[in-house]
Amino acid sequence: MSHRVATKLIRDVLKERKATPQSHNGDLLDQVVDDMKKENFLSDDFIVSILFAVLLASFETISTTMTLALKFLLENQSIMQELMEEHEAILKNRENPSSGISWNEYKSMNFGGSIIYIY
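Right, let's walk through the structure included here.

Each value, and the rule that gives it
Residues numbered from 1 in each chain as written. Predicted model: local features only at pLDDT ≥ 70, side-chain atom pairs only at ≥ 80, totals over all residues. Heavy atoms only, no water. Helix = DSSP H or I, 4+ residues; strand = E, 2+ residues; numbered from the N terminus. Buried < 20%, exposed > 50% of the residue type's maximum accessible area, 1.4 Å probe, protein only. Contact = heavy atoms within 4.5 Å. Core = buried A, V, L, I, M, F, W, Y, C linked by side-chain atoms within 4.5 Å. Patch = residues over 30% accessible without salt bridge, like charges linked within 9 Å, V, L, I, M, F, W, Y side chains within 5 Å. Areas by Shrake-Rupley, 256 points an atom, 1.4 Å probe, with all protein chains shown as cover. Salt bridge = Lys/Arg side-chain N within 4 Å of Asp/Glu carboxyl O.

### Regarding the overall build of the protein chain
Counting its regular elements, the protein chain contains 7 helices and 0 strands. Taken from N to C terminus, the helices and strands of the protein chain fall in the order α-α-α-α-α-α-α. Per-residue burial for the protein chain yields a buried fraction of 23% across its 119 residues. Within the protein chain, contacts between residues separated by at least 24 positions form 45% of all contacts whose residues are at least 6 apart in sequence.

Structure below.
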């Protein structure tokens, strides 16, 4: 499937979801559509680009991506330390320490989000 075809498909699904907000599937796209109502920078083009990148990254080898991420973190100990501090602060503020990560916790990862976005 070409880039053009894939992005058109993503754009069509996004358009459909935005047109029918009452039909919730409880997935990532529902969360994105909700966030688009709150955040001005989340344009259709931006979302389509991000979703295409996520799909491509998941289709391409996850092991390669993980290997490069770990290599980067091992070579940059100060970044690893700051990420650990950010994650420990999130864990410390949790009501239930054994619960999984929430969407709000994920969105609160300012440093971690910057690292993920840059690389």
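### Here we look at the nonpolar core
Taken as a class, soluble globular proteins show a tendency for nonpolar side chains to be buried jointly. By size, the foremost hydrophobic cluster in this structure holds 12 residues: Ala 6, Ile 10, Leu 14, Leu 29, Val 32, Val 33, Met 36, Leu 42, Ile 47, Val 48, Leu 51 and Phe 52. Elements with a minimum of two residues in this core: α1 (3-19), α2 (28-38) and α3 (44-59). Ignoring any residue separated from it by four or fewer positions in sequence, one finds Leu 14 in contact with Leu 29, Val 33, Met 36, Asp 44, Ile 47 and Val 48.

### Describing the environment of Gly 112
Looking at the secondary structure, you find Gly 112 in helix α7 (residues 110-118). Taking the C-alpha atoms as reference, Gly 112 lies 6.0 Å from Leu 83; in sequence the two are 29 residues apart. Those residues in contact with Gly 112 that sit more than four places away from it in its chain are Leu 83 and Glu 86.

### Examining a nonpolar patch on the surface
A cluster of nonpolar side chains, contributed by Leu 28, Ile 101, Trp 103 and Tyr 106, occupies part of the molecular surface with about 390 Å² of accessible area. Among the structural elements, Tyr 106 can be located in helix α6 (residues 103-108). The exposure class assigned to Tyr 106 is partly exposed, which follows from its relative accessible area of 41%.

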